[in-house]
Amino acid sequence: MSPYLTVQDRRQRAHGAVDRLHERLLANDVHGFAAVFAVNGVLELPFGPAALRGREQVREYVRDDITAIVSQTRYDTTDPDVLVVEWEAGGSRHLTVVRVGGGGVELFRDYSGPAAAGEEPRSG
């Protein structure tokens with residue numbers, strides 16, 4: 001058996017990881033959510049605090065921030081390891097870029113906040 005995955009296998013792996021993230025969020029399972037990440041996976045919040053690296057930091061951040069998901073839409077990209085996911089949760093929208101490798105989610109870049117929600121930024 002070849003150690004290399006086909007494009008279709010890689011795309012299925014990415015969708016499977018997002019399925020598991022979604023399931024864990026719906027179950028309010030922060031430990032399960034963090035476990036989907038690669039050991040050194042990164043959760044980036046361009047409109048928030050610095051990037052979080054590793055499962056423990058992801059778990060601690062998400063622990064207080066899980067909200068009910070109302071909807072989810074996924075978009076494939078030309079890279080089979082990368083999906084763009086739109087989430088609606090907690091009254092706001094999240095546009096997330098998810099990159100998945102053999103060890104799990106390597107990058108979860110979440111563009112949430114006023115710009116992602118289509119709201120005007122608040123000043124001062």
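Presented here is an overview of the structure given in this document. (Residues numbered from 1 in each chain as written. Predicted model: local features only at pLDDT ≥ 70, side-chain atom pairs only at ≥ 80, totals over all residues. Heavy atoms only, no water.)

For the rest of this paragraph, the subject is the overall build of the protein. Counting secondary structure elements, the protein contains four helices and six strands. Taken from the N to the C terminus, the helices and strands of the protein come in the order α-α-β-β-α-β-β-β-β-α. Residues counted as buried form 35% of the 124 residues belonging to the protein. (Helix = DSSP H or I, 4+ residues; strand = E, 2+ residues; numbered from the N terminus. Buried < 20%, exposed > 50% of the residue type's maximum accessible area, 1.4 Å probe, protein only.)

Inspection of every chain in the model, using the stated rule, returns nine salt bridges. As a salt-bridge pair, R10 and D79 come within 3.7 Å of each other at their nearest N and O atoms. Of this pair, R10 sits in helix 1 (residues 7–26) while D79 sits in the loop between strand 3 (69–76) and strand 4 (82–89); the two residues are 69 residues apart in sequence, bridging distant segments of the chain. When the shortest N-O distance is used, the salt bridge between R24 and D29 registers 2.8 Å. Looking at D29, the relative accessible area reads 23%, which means it is partly exposed. (Salt bridge = Lys/Arg side-chain N within 4 Å of Asp/Glu carboxyl O.)

Here the focus is the sheet that holds strand 2 (residues 52–53). What the six strands build is an open sheet, ordered 2-1-6-5-4-3; its pairing is mixed. Every interior strand has two partners, whereas the edge strands, strand 2 and strand 3, have only one. As defined by bridge partners, strand 3 adjoins strand 4 across seven bridges and the pair is classed as antiparallel. Among the inter-strand pairings, Q72 is bridged to a residue of strand 4, identified as W87. (Pairing = 2+ DSSP bridges.)

Turning our eyes to something else, we now look at helix 1. With 20 residues, helix 1 extends 29 Å between its outermost C-alpha atoms, agreeing within 8% with the 28 Å of an ideal straight helix rising 1.5 Å per residue. Those residues of helix 1 not exposed but buried are A14, G16, A17, V18, L21, H22 and L25. Taken together, the buried residues of helix 1 touch helix 2 (30–35), strand 1 (37–44), strand 3, strand 4, strand 5 (92–101) and strand 6 (104–112). At the C-terminal side of helix 1, N28 shows a positive phi close to 55°. (Expected span 1.5 Å × (residues − 1). Contact = heavy atoms within 4.5 Å.)

A word on unusual backbone geometry. Notably, N28 is not glycine yet its phi reads approximately 55°, a positive angle. Note on placement: N28 falls in the loop between helix 1 and helix 2.

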